[in-house]
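In case you want the letters, here they are:
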Amino acid sequence: MVGTYYFAVFCPVPEGGYAVWFPDVPEANTEGMDMAEAMDMAHDALKLSLEEYVKAGRSLPLPSPVESVRRMAEASNAEEGFTPAGEMLFQLIAAPDMDRTPVKVTISMPRNALTALDRKAERAGMTRSGYIASMALA
């Protein structure tokens, strides 16, 4: 999904730092000791969760508007009896590109590089194309 963004809820916790979750992607939740770490962790959590959706053949959830996300976050906190240690922040986080449509490409490289590539792919139990794709996405 190119150009898709999900709202993350950054909730200050009494112990310090932030709990982070995505109401539209319930599997994506994390925490950070400060806002910078929480933001980095939010990107990772969203990426990993959406990758699992794709692997499982599940449709990606549709992003909700901020008003809906705010209501979901407030309802979740009330249900759990949790009171944030400060004001919650609602931040848009870009979803990674999950388009896995195969595209045929032609590349040129020295023969010895191709031989090395094929050996590494074979050792990894992958095709040449699969190995190149896995290296690009790592």
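What you are looking at is a predicted structure, and each value in this text was computed from that prediction instead of being measured.

(A) Spatial organisation of the overall build of the protein. Scanning the protein from terminus to terminus reveals four helices and four strands. Computed over the C-alpha atoms, the radius of gyration of the protein is 20 Å, more than 25% above the 14 Å expected from 2.2 N^0.38 for a compact globule of 138 residues. Out of the 138 residues belonging to the protein, those deemed buried represent 30%. Looking at the protein alone, contacts between residues at least 24 apart form 57% of all its contacts between residues at least 6 apart. Carbon and sulfur atoms make up 55% of the accessible area of the protein, which amounts to about 9200 Å² in all. Each charge class in the protein can be summarised by its mean position, and for the 12 positive and 19 negative side chains these summaries are 18 Å apart.

(B) Quick peek at the sheet that holds strand β2 (residues 18-22). Within the open sheet, the four strands sit side by side as β3-β2-β1-β4. Their pairing is antiparallel. Two strands in the sheet have a free side with no partner beyond their single neighbour: β3 (25-32) and β4 (89-94). Ignoring which end each strand starts from, the neighbouring axes of this sheet average 25° apart. In this sheet, β2 lies alongside strand β1 (residues 5-12) in antiparallel orientation, the contact comprising four bridges. Looking at the pairing, Pro 12 lines up with Tyr 18 of β2. Against the sheet, helix α1 (residues 35-55) engages β1, β2, β3 and β4, with an angle of about 155° to β3. Against the sheet, helix α2 (residues 66-80) engages β1, β2 and β4, with an angle of about 35° to β1.

(C) View of the environment of Glu 52. Relative to the elements of secondary structure, Glu 52 occurs in helix α1. Sequence separation of Glu 52 and Glu 27 is 25 residues, and the distance between their C-alpha atoms is 9.5 Å.

(D) α2, seen in detail. Helix length check: α2 (15 residues) gives 21 Å between terminal C-alpha atoms against 21 Å at 1.5 Å per residue, within 8%. Buried within α2 we find Ser 68, Val 69, Ala 73 and Asn 77. For α2, the arc enclosing every buried residue in end-on projection is 165°, short of the 170-degree limit, so these residues lie on one face. Opposite the packed face of α2, turned more than 90 degrees from it, sit the exposed residues Arg 71, Ala 78 and Glu 79. Looking at the buried residues of α2, the elements they touch are β1, β2 and β4.

(E) Structural context of the packing of helix α3 (residues 111-123) against helix α4 (residues 128-137). Contact pair α3 / α4: the axes reach a minimum separation of 9 Å and the direction vectors enclose 90°. Put simply, α3 runs roughly perpendicular to α4. Residue-level inspection shows Leu 114, Leu 117, Asp 118, Lys 120 and Ala 121 of α3 in contact with α4, the latter providing Arg 128, Tyr 131 and Ile 132. Taken together, the residues that form the contact of α3 with α4 break down as five nonpolar, no polar and three charged.

(F) Geometry of the pairing of β1. Of all eight residues in β1, seven are buried; the element is thus mostly enclosed. Counting the residues between successive antiparallel strands, the hairpin from β1 to β2 contains five residues, one of them, Gly 16, with a positive phi of roughly 110°.

(G) The arrangement of the pattern of salt bridges in detail. Within this structure, the stated rule accounts for four salt bridges. Where Lys 47 meets Glu 51, a salt bridge forms, and the shortest distance between an N and an O atom there is 2.6 Å. Here the residue Lys 47 and the residue Glu 51 both occupy positions in helix α1, the gap between them amounting to four residues, near one helical turn. A salt bridge links Lys 55 to Glu 52, with the shortest nitrogen-to-oxygen separation between them at 3.5 Å. Taken together, the positions of Lys 55 and Glu 52, both in helix α1 and three residues apart, correspond to about one turn of that helix. For Lys 55, a relative accessible area of 57% puts it in the exposed group.

What counts and how
In this numbering scheme, every chain counts its residues from 1 along its sequence in written order. Where totals are concerned, whole chains, interfaces and linings use all residues; where local detail is concerned, this predicted model gives features only for residues with pLDDT of at least 70, and gives and counts side-chain atom pairs only at 80 or more. Only hydrogens and water are set aside when side-chain values are computed; all heavy atoms of the structure are taken into account. Under the DSSP-based scheme used, a helix requires at least four consecutive residues in state H or I and a strand at least two consecutive residues in state E, with every element numbered from the N terminus. Both definitions apply: the radius of gyration is a C-alpha atom measure, and the globule rule equals 2.2 Å times residues to the power 0.38. Type-normalised accessible area, obtained with a 1.4 Å probe on protein chains alone, sets the label of each residue: buried when under 20%, exposed when over 50%, and partly exposed for intermediate values. Contact definition: two residues touch when any of their heavy atoms are within 4.5 Å. Each accessible area value is a Shrake-Rupley result obtained with a 1.4 Å probe; residue values ignore everything except the protein chains displayed when judging cover. Neither His nor the chain termini are counted; the positive set is Lys and Arg, and the negative set is Asp and Glu. A charged residue contributes its charge at one atom only: NZ of Lys, CZ of Arg, CG of Asp or CD of Glu. Between any two strands, at least two bridges found by DSSP are needed for them to pair. The angle between two axes is taken between their N-to-C directions and runs from 0 to 180 degrees, where each axis is a line fitted to C-alpha atoms and a helix contributes only its stretch in contact. A helix's residues, less one, multiplied by 1.5 Å, set its expected span. This arc is built from the directions going out from the helix axis to the C-beta atoms. Orientation labels follow simple angle bins: below 35 degrees gives roughly parallel, above 145 gives roughly antiparallel, 65 to 115 gives roughly perpendicular, and whatever is left gives oblique. Under this grouping Gly is polar, as are all residues other than the nonpolar Ala, Val, Leu, Ile, Met, Phe, Trp, Tyr, Cys and Pro and the charged Asp, Glu, Lys and Arg. The salt bridge definition used is simple: a Lys or Arg side-chain nitrogen within 4 Å of an Asp or Glu carboxyl oxygen.

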